[in-house]
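Summary of structural features
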Amino acid sequence: SDCIKKSWVSSSGEYVKLFENEFSKYTGLKNCLSTSSGSSALEIALSLCNLNELDEIIVPNLTFASPLNSAIRTKAKIVLVDVNKDNMCLNASEIIKKINSKTKVIIVVNLYGFPVDIQKIRSTTPKEILIIEDCAESLGSFRKQKHCGIWSDFATFSFFGNKTITTGEGGMLFCAKDEDKEKALLLRDHGMSRSKKYWHEEIGFNFRITNLQAAVGLAQLERIEEILFNKREVFEKYFKYLSPYGFKFNQVDQDHVIDSKWLITLTHENIKEYGVENLEYQLKLLGIDIRKVFYPLSSMPLYKEYCSCNYKNSNYLHNSYICLPSSPNLTTIQIKIISEKLIMLLGAKK
């Protein structure tokens, strides 16, 4: 309301800097830079990697398409790598198999909120390879008491409407090096000089967030501990109702890892036979909206030229796992009803 009253609703205004500062304070990632979306944060990060057509970028096969689309626009060669079954993310052993002298960037996606062990990847890959960590779904996820993103060269976040906190559209970029942050600031604002108005030093973008969005983000950030607590409660209730019936959750806690529980994913031995699409349809008739795990990128004709293996883990996860309603506003009664309908349709037994 204050933002509107002052009429500073575009990309200038005090709330942009306030939001960036408070986000940096919460995550421990210094000098974060707000962007118009998580995807635009990825575009800037990749622009800072100085890639050419002879370079290679490793991208996970199971993810929303934004990281791959951004990588394709660099003109570098794309290497799609299968994920592991345990957390649906890239792991060091699979990455090592694909690395060669042309590998310049690894894009790691913290799928559904799980914080990938970047330190382990760092310890097994050449130090000159840059790591971009897509944290769009993992705000509030920690490893060894450090927020995700802190061990990467770049980290990107999304504030789309379904994320842990939202500005409608919006994102954040972390750069480990100060000089990258300064250039990112230039690229975000049309490549325009910060000291000489309307003088362009780089071919840039218009990837700025608005003061109005930042004001919403700041208000959301004030509630983040409450939101994360409620999401954990939702997970624990699902676990209580469903785990006795043989449901296997993807987000079971690990030592030194705090998972934001952004989206709750699970499987059951009867799901593959029943069919994920059939289950989705039957639950929708009962007023319950579940979602498939992302389509493997390798399954889409658009991306066939980037495929190099059968991606068995990605295909298995897509055909065997489902995403449950995960709003922090779900009531105990709603969670119980969803659980009962799942048990009934799949004929799950204790």
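All of the points below concern the structure found in this document. Quantities reported herein were computed from a predicted structural model and do not represent experimental measurements.

1. Section: helix 13 (residues 332-346)
The end-to-end C-alpha separation of helix 13 is 21 Å, in line with the 21 Å expected for 15 residues at 1.5 Å each. Along helix 13, the residues classified as buried are I335, I338, S339, L342, I343, L345 and L346. Buried positions along helix 13 lie against helix 9 (224-242), helix 10 (271-274), helix 11 (276-285) and strand 14 (321-323). G347 lies just past helix 13 and shows a positive phi near 60°.

2. Comments concerning the sheet that holds strand 8 (residues 154-158)
Spatially, the seven strands line up as an open sheet ordered 1-9-8-5-4-2-3, and their pairing is mixed. Two strands lie at the open edges of the sheet, namely strand 1 (33-35) and strand 3 (77-81), each paired on one side alone. Here the strands of the sheet are splayed against their neighbours by 20° on average, with no regard to which way each runs. By the bridge criterion, five bridges tie strand 2 (residues 56-60) to strand 3 in an arrangement that is parallel. Directly across from I58, in strand 3, lies its bridge partner V79. Contacting strand 1, strand 2, strand 4 (103-109), strand 5 (130-134), strand 8 and strand 9 (171-175), helix 3 (residues 38-47) runs over the sheet at an angle of about 165° to strand 8. Together, strand 1, strand 8 and strand 9 form the strand contacts of helix 7 (residues 178-188), whose direction differs from that of strand 1 by roughly 30°.

3. Focus: the pattern of salt bridges
Counted according to the given criterion, the structure contains 16 salt bridges. Residue D55 is joined to K104 by a salt bridge in which the shortest nitrogen-to-oxygen separation is 2.8 Å. Within this pair, whereas D55 is found in the loop between helix 3 and strand 2, its partner K104 is found in strand 4, the two being separated by 49 residues in sequence. Among the residues examined, K104 registers a relative accessible area of 33% and is labelled partly exposed. One salt bridge connects K292 with E277, and the closest N-O pair in it is separated by 2.6 Å. Residue K292 is located in strand 13 (residues 291-292), and its partner E277 is located in helix 11; the two are separated by 15 residues in the primary sequence. Members of the salt-bridge network, linked through shared partners, are K17, E20 and R188.

4. Observations regarding the side chain of D82
Tracing the sequence through the fold places D82 in the loop between strand 3 and helix 5 (92-98). K312 provides the closest opposite charge to the buried, unpaired D82, separated from it by 7.2 Å. A polar atom in the side chain of D82 sits 3.3 Å from the backbone nitrogen of K312. Within polar-contact distance, the side chain of D82 engages the side chain of S314 at 2.5 Å. Excluding anything up to four places from it in sequence, D82 contacts N61, L90, E94, Y311, K312, N313 and S314.

5. Observations concerning the pairing of strand 3
Counting buried residues in strand 3 gives four out of five residues, a clear majority hidden from the surface. Handedness of the crossover joining strand 2 and strand 3 through helix 4 (residues 66-72): right-handed.

6. Details of the sheet that holds strand 13
The sheet built from four strands is open, its strands ordered 10-12-14-13 with antiparallel pairing. Each edge of the open sheet is held by one strand with a lone partner, namely strand 10 (248-249) and strand 13. As paired strands, strand 10 and strand 12 (residues 265-267) are joined by two bridges and run antiparallel to one another. Directly across from K248, in strand 12, lies its bridge partner T267.

7. Some details on the packing of helix 11 against helix 13
Two elements in contact, helix 11 and helix 13, have axes whose closest approach is 11 Å; the angle formed by their N-to-C orientations is 130°. The angle between helix 11 and helix 13 falls in the class oblique. The handedness of the crossing between helix 11 and helix 13 comes out as right-handed. Within the contact between the two elements, helix 11 uses L279, Q282 and L283 and helix 13 uses K341, L342, L345 and L346. In terms of residue class, the contact of helix 11 with helix 13 is built from five nonpolar, one polar and one charged.

8. With respect to helix 3
For the α-helix, the turn length of 3.6 residues means that residues three or four positions removed from each other point alike. Counting buried positions along helix 3 yields eight of 10 residues, so the element is predominantly enclosed. Residues G38, S40, A41, L42, E43, I44, A45 and L46 constitute the buried set of helix 3. Structurally, the start of helix 3 carries an N-cap: the backbone nitrogen of S39 is 3.4 Å from a side-chain oxygen of S37.

9. A look at unusual backbone geometry
Residue M88 is not a glycine yet carries a positive backbone phi of 65°. With a phi angle near 65°, Q145 is a residue other than glycine that sits in the positive phi range. Considering the arrangement of structural elements, one finds Q145 in the loop between strand 6 (142-143) and strand 7 (146-147). You can call Q145 exposed: its relative accessible area is 76%.

Cut-off values and rules
- Residues numbered from 1 in each chain as written.
- Predicted model: local features only at pLDDT ≥ 70, side-chain atom pairs only at ≥ 80, totals over all residues.
- Heavy atoms only, no water.
- Helix = DSSP H or I, 4+ residues; strand = E, 2+ residues; numbered from the N terminus.
- Expected span 1.5 Å × (residues − 1).
- Buried < 20%, exposed > 50% of the residue type's maximum accessible area, 1.4 Å probe, protein only.
- Contact = heavy atoms within 4.5 Å.
- Pairing = 2+ DSSP bridges.
- Axes fitted to C-alpha atoms, helices over the stretch in contact; angles between N-to-C directions.
- Salt bridge = Lys/Arg side-chain N within 4 Å of Asp/Glu carboxyl O.
- Lys, Arg positive; Asp, Glu negative; His and termini not counted.
- Polar contact = N/O pair within 3.5 Å; in protein donor to acceptor, adjacent residues only side chain to side chain.
- Right-handed = clockwise from strand over helix to strand, strands pointing away.
- Parallel < 35°, antiparallel > 145°, perpendicular 65-115°, else oblique.
- Left-handed = near helix turned anticlockwise from the far one by under 90°.
- Nonpolar A, V, L, I, M, F, W, Y, C, P; charged D, E, K, R; others polar.

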